[in-house]
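# Observations on chain architecture
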Amino acid sequence: MVFWYGPRFERFDPIVVKSIIIANIVVFILELINPGFMFEYFALKPNNILHGAMLWTLVTHMFMHADFLHIFFNMYALYIFGPECERVFGRKAFLTLYFFSGLLGALMHVFLCPYKDIPTVGASGAIFGILGAYAILYPRRKLAMFVFLAFVVLPAWEMILLLIVLFTLFAVVGIFPTVSHFAHIGGIIGGIIFVIIYRRKYMRYVHEERPAIVFYTVEYGYEGYEDEDYDYEYY
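Everything in this summary refers to the structure shown in the same document.

Scoring rules and cut-offs
Here, residues in each chain are numbered from 1, in the same order as that chain's written sequence. Local features in a predicted model are, by the rule used here, given only for residues with pLDDT of at least 70; side-chain atom pairs are given and counted only at 80 or more, and totals for whole chains, interfaces and linings are based on all residues. Only heavy atoms go into the side-chain values, all of them from the structure, while hydrogens and water stay out. Going along the chain from the N terminus, every DSSP run of H or I of four or more residues is numbered as a helix, and every run of E of two or more is numbered as a strand. What makes two residues a contact is simply this: any of their non-hydrogen atoms within 4.5 Å. Angles run from 0 to 180 degrees between N-to-C directions of axes, and those axes are lines fitted to C-alpha atoms, restricted for helices to the stretch in contact. Should an angle fall under 35 degrees it is called roughly parallel, over 145 degrees roughly antiparallel, and 65 to 115 degrees roughly perpendicular, with every other angle called oblique. Rotating anticlockwise by less than a right angle from the far helix to the near helix defines a left-handed crossing, while the corresponding clockwise rotation defines a right-handed one. Any residue that is not Ala, Val, Leu, Ile, Met, Phe, Trp, Tyr, Cys, Pro, Asp, Glu, Lys or Arg is counted as polar, Gly included; the first ten are nonpolar and the last four charged. Between buried and exposed lies partly exposed: a residue is buried under 20% and exposed over 50% of the maximum accessible area for its type, with that area taken using a 1.4 Å probe on protein chains only.

So, on to the side chain of K45. Residue placement: K45 occurs in the loop between α2 (35-41) and α3 (46-50). Excluding its chain neighbours within four sequence positions, the residues that come into contact with K45 are F39, E40, K116, I118 and P119.

Quick look at the packing of helix α6 (residues 91-112) against helix α7 (residues 124-137) now. Two elements in contact, α6 and α7, have axes whose closest approach is 7 Å; the angle formed by their N-to-C orientations is 120°. Relative to α7, α6 is oriented oblique. Where α6 crosses over α7, the handedness of that crossing is right-handed. Every residue of α7 that contacts α6 at F94, L97, Y98, S101 and G102 is listed here: G125, A126, I127, G129, I130 and A133. Residues that form the contact of α6 with α7 fall into these classes: seven nonpolar, four polar and no charged.

Looking now at unusual backbone geometry. Despite not being glycine, M54 has its phi angle at roughly 50°, a positive value. Of note, M54 is situated in the loop between α3 and α4 (57-60). On the basis of relative accessible area, M54 is assigned to the buried category, the value being 18%.

Here is the structure:
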C-alpha cells in the first residue's frame, strides 16, 4: 500500500504500519496452531506483572488477538490512522508512539482492572494511542464511527472525548466486562502525551487543510471466548 499526502501529492510508503500488521497476522496464525501455549506464555496476566514475573507479556500481548473480528478491526484502524501518523512523526518516533501507548494502556489495565488472573490480549491500547495522536494533529478532521446502533460523525477531538467518557463509564459501571476499557483509556492518554511533547517538531508536516472523513467501527459486546481452559479479556 502506498499513500499520497499534501497539496503536491507526496508519496509515502508506511513501512512500520505494514510491518506491525504482518507481525500481528503471523502471531494470530501461531495462536490458531497452538492457542494453549500462546496464551500461557505470551498473554498479559496482571498478577504476573504485579509480582514481577513474565514482564515480556507487557509487549507480546499487543500482538495477540481473541478472534478474527478482533484482529480485523484493530488492523483496520491501524491501516486507516497509522500511515498519516507515521509520515508525520517518522518511522522511529511512530514506533515509539505505538509501544508507549500500548505499554501505558497495559499498565493501566494491570493496576486498575478487577480481574487480575485473567489473561488479556489485544493491540487496542497502541491503536487508541495512534487515534489520540491523530486527534491532536487533526482536531477538526471528521471521524465517523458506529457506536451500538448509532452512526456518529464528529471532529476528531470531540470523538476522542466521547470515547474517553464511554470507556470510563463502561469501566465504572461494569458494562462489557470482557473488554479492557482501562487499556483503551491509557492508550489514548499515551498518544495525547506523545503528541503534546513532540508536536512543535512535527507540525510542519501536518496538512490540516486536507479534508477527510475517516470511517472506523469500534467493537463492543463480546461475551468472551473460551478455548479449553482459557478465559481471557481482550481490547
